[in-house]
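# Analysis of the macromolecular model
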Amino acid sequence: MKKYFFTLLLLFFSWRAWAIPFPDQVYCYGKDSNAHTFVSPPAGINMLKYAKANPLFVVTYHNFPDEAKVAFSYALKIWESLIASPVPIRVDATWYDGPAGVLGSAVPAEYRCASKGNPEGFPDLYCYYAIALAEKMAGKDLNSPLAADIIVNMNKNINWYLGTDGNCPAGCYDFVTVVLHEICHALAINGSIKVENGKGTWGAKGFSDKILPLVWDKYVINGSHQHLIDTLLFPVPSLSLYDQIVSGNIFFDSPIAIRYNGNTPVRLYAPATYDPGGSLFHLDENTFPAGNINSLMTPFLSMAEAIHHPGPVVLGIMAQIGWVHTYITPDSFKDIEDIHQDIAVSVTIESDSGHYPAKRLVYSYDNFSSSHVLVMGEAGHKDTAVIPAPHQIADVKFFFSVIDSFGRIYHLPVDSSLSPFVIHCGPDEVKPVIAHDSLTLIYEDVASLQFNAVVTDNIAVDSVWLEYYINTVRKPDVLFTLSTGSQYTANVVFATGDIKAGDSIRYRIRAVDKSSNKNVAWLPASGYFVIRVEKRPPVVVTYKNNFDSASNDFILNGFYIGTFPGFPGGALHSPHPYQSTGKPMVYREYTAELKNTIKILPQGSFMAFDEIVLV
Ligand SMILES: [Ca+2]
Ligand SMILES: [Ca+2]
Ligand SMILES: [Ca+2]
């Protein structure tokens, strides 16, 4: 098969390098009877007439009738009055042709666990969080900013009550209630403990080979206060874990939720016959019957039963697993050469739990053989603690410790003295770090060439220089200028005749730090980058290539032109198989850029190709 490119080609391919486990569906079932109960929404919700400029939820609807959209967004408004996140939660909602008895379902679109160094600030390094919760704690998008965080399916074959007043008549199911319920599954109430092939199991694989639980699983206990994910008690997979799952004696061990449940453990739904859509990820139906303030997250909903508030127990569960979070954000800090200089460390602490709780900086001069505590002020958002100068060469190590209003202790770094922050006090021998995408090709008619680099140092960068040759002639070094942050740029200006096709430009980047040693780094560490000078290809109105033979028409980054075993002819290939970066949310980007400039005609221009194959 022939492959043609006409008139214009600029390809960008990127592949997600990290697969994440996709959760099972959690369903909400309809009961065949009428309850005639109504749990009121949060106070004041019906008086909110304004639309926020930056709503918490951003919904993409598929096949939804307008009336259902109104009720759906009302349910989200209820959630928005109860939880907070600095990151929008994107909801993908489908009005679908579902089976009898199932009202709807929802799942987090993805899960996240902490990546190296825990830049997300997760309170637990060893579990998965639903993406909306993970992003709330990280304070930023972790998936692609436009990707769904929650996927909801609402069954169109149900006799819905689409009003928002909770006045659900006999024979109908209250739509707002079911949306509230489903969204809660995707925000929080969803775990990995399940039955497979008759045995109990749990866990999902992260980007290491370690099996991790979902955060929900960590709190699931039996009546003897044994954790179901304790593999010493209940191996994976095992019949003993299966017996627990169907024991009817399972609880959510959350101090906060228990406080809101009259100091009683929160009983979960764990029927004797395993229910893959319901077991363990609902509150117990009989403990929280229709009309109970905490009945939203039970597995069954009656007709004429409206629940427009998740209730204090569910909100307590959500607070426990991270929807009430404390953010510890230190300013960046540097190593210090003067051992007699006190060390000022600034930190901003914000807590969803309300007032600004006790905060401390714990530091050590001797790798935590001994340590000292600085109590930081309670008022205001930013505080500065001053660690006394060590007066000797030392690695000063420290971490922050904060107690929120529920009495929970947060550390940053999370594992405190095991991997604390470090400030080296003493002579600096650390070289600057240079990052730079090398240039490989220019055309002989260019008047100037810009070089970009990101340069950092553990103390400070003094200066960054470009050293370059045209062919064998060394040219005067060019000083980079700092643009923003750590971004440096340098411009080389060419006079007419300075460069011509066939020439080559060799260059390297030199960075010097501000230490007393004036440490120097080069990139590349040895040798030089080489830029070829070529004649500018002509402007064309038509271009085509079947890639059956090698071609110098493209600037290739990652791609190559050739014939791969199993293909009938030549093609433009990425590496086979696709290469992973081995890191979550870090992509590879391959480009193939046609050197010719294409002149787009006023009419009739087009680009066509025979096929793009993704295997
Ligand atoms: Ca997101
Ligand atoms: Ca119920
Ligand atoms: Ca340095």
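What counts, and where the lines are drawn
- Residues numbered from 1 in each chain as written.
- Chains lettered and ligands numbered in written order.
- Predicted model: local features only at pLDDT ≥ 70, side-chain atom pairs only at ≥ 80, totals over all residues.
- Heavy atoms only, no water.
- Axes fitted to C-alpha atoms, helices over the stretch in contact; angles between N-to-C directions.
- Helix = DSSP H or I, 4+ residues; strand = E, 2+ residues; numbered from the N terminus.
- Parallel < 35°, antiparallel > 145°, perpendicular 65-115°, else oblique.
- Contact = heavy atoms within 4.5 Å.
- Nonpolar A, V, L, I, M, F, W, Y, C, P; charged D, E, K, R; others polar.
- Donors = N, O, S within 2.8 Å, 3.2 Å for Na, K, Ca; no water.
- Buried < 20%, exposed > 50% of the residue type's maximum accessible area, 1.4 Å probe, protein only.
- Core = buried A, V, L, I, M, F, W, Y, C linked by side-chain atoms within 4.5 Å.
- Salt bridge = Lys/Arg side-chain N within 4 Å of Asp/Glu carboxyl O.
- Domains from an automatic or database assignment.

It is worth spelling out the packing of helix H2 (residues 131-138) against helix H6 (residues 311-323) at this point. Running from amino to carboxyl end, H2 crosses H6 at an angle of 60 degrees, the nearest separation of the two axes being 11 Å. Judged by the angle between their axes, H2 and H6 are oblique. Contacts between H2 and H6 involve Ala132, Leu133, Lys136 and Met137 from the first element and Ile321, Gly322 and Trp323 from the second. Of the residues that constitute the contact of H2 with H6, the class distribution is five nonpolar, one polar and one charged.

So, on to the coordination of the calcium ion (ligand 2). Within the protein, the atoms that donate to the calcium ion (ligand 2) are Glu285 (OE), Glu285 (OE), Thr298 (OG1) and Phe300 (O), at distances of 2.2 to 2.9 Å. For the calcium ion (ligand 2), the donor residues sit on a single chain with the sequence spacing E-x12-T-x1-F. Of the two residues, Glu285 is situated in the loop between strand S17 (266-267) and strand S18 (300-307) and Thr298 in the loop between S17 and S18; the sequence distance between them amounts to 13 residues. Glu285 sits in the buried class, given a relative accessible area of 10%.

Attention now goes to the nonpolar core. Judged by nonpolar contacts, the single largest core of 85 residues is most densely connected at Phe72, Met154, Trp160, Phe175, Ile183, Leu187 and Trp323. For Trp323, the residues in contact, after removing those within four places along its chain, are Ile83, Ala84, Ser85, Ile89, Ala132, Leu133, Lys136, Leu187, Ala188, Met318 and Asp352. Core analysis: the second largest hydrophobic core is formed by 27 residues, Val455, Ile470, Ala511 and Ala521 among them.

What follows concerns the pattern of salt bridges. Applying the stated rule across the entire model yields 17 salt bridges. With its nearest N and O atoms 2.6 Å apart, the salt bridge here joins Asp124 to Lys218. With Asp124 in the loop between strand S6 (111-112) and strand S7 (129-130) and Lys218 in the loop between strand S14 (211-212) and strand S15 (220-222), the pair connects residues that are 94 residues apart, well separated along the chain. For Asp124, a relative accessible area of 16% gives the class buried.

Attention shifts here to the coordination of the calcium ion (ligand 3). The calcium ion (ligand 3) binds to the protein through Asp428 (OD), Val430 (O), Asp457 (OD), Asp457 (OD), Asn458 (OD1) and Asp513 (OD), with metal-donor distances spanning 2.2 to 2.6 Å. Judged by its relative accessible area of 16%, Asn458 is buried.

Interfaces are often described in size by the accessible area the parts lose on coming together. Along its sequence, the chain is organised into domain 1 (26-323), domain 2 (336-425) and domain 3 (433-534). Between domain 1 and domain 3, the C-alpha centre-to-centre distance is 54 Å.

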